[in-house]
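Listed below, chain by chain, are the residues.
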Amino acid sequence: MFGKRREFTPAVAPTPTDAAPLKVVAGNVQPAAAPVEDTRTSESQRAKAYYDLKREIFSALLETIDVAQLGNMEVEEARREVSGIANDILAAKKAVISTAVQEELVSDICDDVLGYGPLEPLLARDDISDIMVNGDNYIFIETGGKVTQTNIRFRDNSQLLNVCQRIVSQVGRRVDESSPICDARLPDGSRVNVIAPPLALEGPTLTIRRFKKDKLTLDQLVELGAITSEGAEILKIIGRVRCNILISGGTGSGKTTLLNCLTRYAESDERIITCEDSAELQLQQPHVVRLETRPPNIEGVGEITMRQLVKNCLRMRPERIIVGEVRGPEAFDLLQAMNTGHDGSMGTLHANSPREALSRLESMITMGGFSLPMKTVREMAVSSIDVIVQAARLRDGSRRITHITEVIGLEGDVPITQDLFVYDMMGEDAQGKIIGRHRSTGIGRPAFWDKARYYGEDERLTAALATAHASDS
Ligand SMILES: Nc1ncnc2c1ncn2[C@@H]1O[C@H](COP(=O)(O)OP(=O)(O)O)[C@@H](O)[C@H]1O
Ligand SMILES: [Mg+2]
């Protein structure tokens, strides 16, 4: 596959004093040798004329515009300014183009000068959940659970690196050969990872996980078929009666979405503290403290880990602690919190089944350097966690809640779990859509029934389980 590798020429890395966004932009907008960003062949004639004209306008624009001053303006204002000048230049050139093309051209130029270049039209779309750029020529998007390649392209890898540079400069970072990995966030909250050559062989590689402003609700999950309304009712009760919950699933399976849903059922007077690597949760309650970890800075210092956050959290008189994603030794502190009266704490974790979730939790603790016997760790996990909810992204791209499982206790050395609600896959239809169904397992009185009774939800729970069972048979 050597043929696929493209030569990568690093763009002139801006010096630190050069890092003001617009200076970087100025580097980016220099007319380049290769004119086209979009190389659909059927349109190549039109495209060539278009990009030739665009390049002309560009050079003229750069001579006219005070780049430094643009940097001090609000985005909207800067855009008006740039498009005004671009329109004037176009008028002066007396180019014969339709109004539609002129508008497209001007907005294109604005995107390049002020925004994220070829990525702008993708960022403007709400239906895209992920954008993956593997070098200048390969841009993939995920919509509705499916990944497809777009026909959008960067002019070359240096234009791409400049866009990456602009994105990470917002969090005070820089990507170049000496620091080729960087995490950042777009102003809209989307998470960005950049990994550049020499580590990434295809050229600068950019992964954007879009931030969804309106998180899905449990009722929407029901409409989407992720769970039945009976299953959702059980989840609402579990959230309300302060079960300690672990949400397990693969990447993109909907764990964070589900965690966000469950937090809605906490009372509005509870003091809730959330710990996340990058704030995604949107709690509705008034008494919420949101904490975020911090990666090390350019000098490699100043990191605040999840474990430090969770530990600190315990000194903040929390009622519930919510950990966005449990990945390491913070597992221990979360379990301890659950064990010491912070009922209703929750976290997500990467695992493919409820049982695997438990063993992952154990190994996170043993690998975290705690010198505790395995049995103790296991006892701790089993006595802390009440319910594990398993999310999955099936091969047709759909997301399902596949298990609502209780953790009962230990039998000898073996953790005992009990499924309350499961999803059975039965096959797929002609279009490749998975056919399956949710069913209750017929458990009438789950182990958290006492909690439900304590919160006066026992009748509702019994009814929910009975309906769930009845609607199956
Ligand atoms: N049941 C669902 N149906 C459709 N899309 C969903 C569902 N659950 C989550 N999503 C979407 O899937 C994407 C990934 O979800 P997220 O909760 O961030 O996953 P995870 O935390 O497991 O990585 C988001 O865009 C989210 O809106
Ligand atoms: Mg997540």
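Heads up: the structure comes first, above all this text.
Values in this document were obtained by computation on a predicted structure and should not be read as measured data.

K.L.:
Could you give me a rundown of the overall build of the chain, with the residues and numbers involved?
P.N.:
A count of helices and strands for the chain gives 16 helices and 15 strands. Looking at the 473 residues of the chain, the share that counts as buried comes to 47%. Looking at the chain alone, contacts between residues at least 24 apart form 57% of all its contacts between residues at least 6 apart. Accessible surface, the chain as shown: approximately 22500 Å² in total, 51% of it carbon and sulfur.

K.L.:
Tell me about helix α12 (residues 330–339), and please be specific about residues and values.
P.N.:
A large share of α12 lies buried, amounting to 8 of its 10 residues. All of the buried residues along α12 are E330, A331, F332, D333, L334, L335, A337 and M338. Residue G341 follows α12 closely and has a positive phi angle near 90°.

K.L.:
Summarise the packing of aromatic side chains; cite the residues concerned and give the values.
P.N.:
Considering all chains together, one arrives at 2 aromatic pairs under this definition. Between Y454 and Y455 the ring centres are 5.1 Å apart and the planes differ by 80°, which places this aromatic pair in the edge-to-face class. Using a relative accessible area of 67% as the deciding quantity, one classes Y454 as exposed. Look at Y455 and you get partly exposed, because its relative accessible area is 25%. The lysine or arginine in question, R445, covers the ring of W449, its NZ or CZ lying 3.7 Å from the ring centre.

K.L.:
Can you break down a negative patch on the surface residue by residue, with the values?
P.N.:
Together, E74, E76, E77 and E81 line one region of the surface with negative charge. By the element assignment, E74 lies in the loop between α3 (67–70) and α4 (75–93).

K.L.:
Hey, could you go over the packing of helix α13 (residues 354–367) against helix α14 (residues 374–384) for me, with residue numbers and the actual values?
P.N.:
Where α13 meets α14, the axes come as close as 10 Å, and the angle between the chain directions of the two elements is 130°. Taken together, the axis directions place α13 and α14 in an arrangement best described as oblique. In this structure, α13 crosses over α14, and the sense of that crossing is right-handed. Here L358, L361, E362, I365 and T366 of α13 come into contact with α14, specifically with M374, V377, R378 and A381. Considering only residue class, the contact of α13 with α14 consists of 6 nonpolar, 1 polar and 2 charged.

K.L.:
How would you summarise the site of ligand 1 if you had to cite specific residues and measurements?
P.N.:
Taken together, the neighbourhood of ligand 1 is formed by 16 residues, with K212, G252, K255, T256 and T257 sitting nearest. In this structure, an oxygen atom belonging to ligand 1 sits 2.9 Å away from a main-chain N or O atom of K255. Measuring from an oxygen atom of ligand 1, one finds a side-chain N or O atom of T257 at 2.5 Å. The element that contributes the greatest number of residues to the shell around ligand 1 is helix α10 (residues 255–263), accounting for 3 residues. For the shell around ligand 1, a count of residues per class yields 4 nonpolar, 8 polar and 4 charged.

K.L.:
Describe the sheet that holds strand β7 (residues 245–249), with residues and values.
P.N.:
What links the strands of a sheet is backbone hydrogen bonding, and the strands pair in either a parallel or an antiparallel sense. The strand order across the open sheet formed by 9 strands is β9-β8-β10-β11-β7-β12-β13-β14-β15, and the pairing between neighbours is mixed. Only two strands of the sheet have a single neighbouring strand rather than two, namely β9 (288–292) and β15 (434–440). Mean inter-strand twist for the sheet, computed between neighbouring axes without regard to direction, equals 25°. Direction of pairing for strand β8 (residues 272–276) relative to strand β10 (residues 320–323): parallel, over a ladder of 4 bridges. Note on β10: the bridge partner recorded for I272 is R320. Seen against the sheet, helix α11 (residues 306–313) touches β8, β9 and β10 and runs at an angle of roughly 170° to β8.

K.L.:
Quick one: what's the story with the pattern of salt bridges, residue by residue and with numbers?
P.N.:
Considering all chains together, one arrives at 25 salt bridges under this definition. In this structure, K375 engages D413 in a salt bridge whose closest nitrogen and oxygen atoms are separated by 3.7 Å. Linking K375 in helix α14 with D413 in the loop between β13 (399–411) and β14 (414–428), this pair joins segments that are 38 residues apart in sequence. K375 sits in the partly exposed class, given a relative accessible area of 38%. When its relative accessible area of 45% is taken as the criterion, D413 is described as partly exposed. Of the charged contacts, one joins D386 and K451 as a salt bridge, the two residues approaching to 2.8 Å between their closest N and O atoms. Of the two residues, D386 is situated in the loop between α14 and β12 (387–393) and K451 in helix α15 (residues 449–454); the sequence distance between them amounts to 65 residues. Here the salt bridges share partners, and the residues they tie into one network are E233, R240, E267, E457 and R460.

Rules used in this analysis
- Residues numbered from 1 in each chain as written.
- Chains lettered and ligands numbered in written order.
- Predicted model: local features only at pLDDT ≥ 70, side-chain atom pairs only at ≥ 80, totals over all residues.
- Heavy atoms only, no water.
- Helix = DSSP H or I, 4+ residues; strand = E, 2+ residues; numbered from the N terminus.
- Buried < 20%, exposed > 50% of the residue type's maximum accessible area, 1.4 Å probe, protein only.
- Contact = heavy atoms within 4.5 Å.
- Areas by Shrake-Rupley, 256 points an atom, 1.4 Å probe, with all protein chains shown as cover.
- Phe/Tyr/Trp six-rings, centres within 6.5 Å; stacked < 30°, edge-to-face > 60°.
- Lys NZ or Arg CZ within 6 Å of the ring centre and 35° of its normal.
- Patch = residues over 30% accessible without salt bridge, like charges linked within 9 Å, V, L, I, M, F, W, Y side chains within 5 Å.
- Salt bridge = Lys/Arg side-chain N within 4 Å of Asp/Glu carboxyl O.
- Lys, Arg positive; Asp, Glu negative; His and termini not counted.
- Charge placed at Lys NZ, Arg CZ, Asp CG, Glu CD.
- Axes fitted to C-alpha atoms, helices over the stretch in contact; angles between N-to-C directions.
- Parallel < 35°, antiparallel > 145°, perpendicular 65-115°, else oblique.
- Left-handed = near helix turned anticlockwise from the far one by under 90°.
- Nonpolar A, V, L, I, M, F, W, Y, C, P; charged D, E, K, R; others polar.
- Near = heavy atom within 4 Å.
- Polar contact = N/O pair within 3.5 Å; in protein donor to acceptor, adjacent residues only side chain to side chain.
- Pairing = 2+ DSSP bridges.

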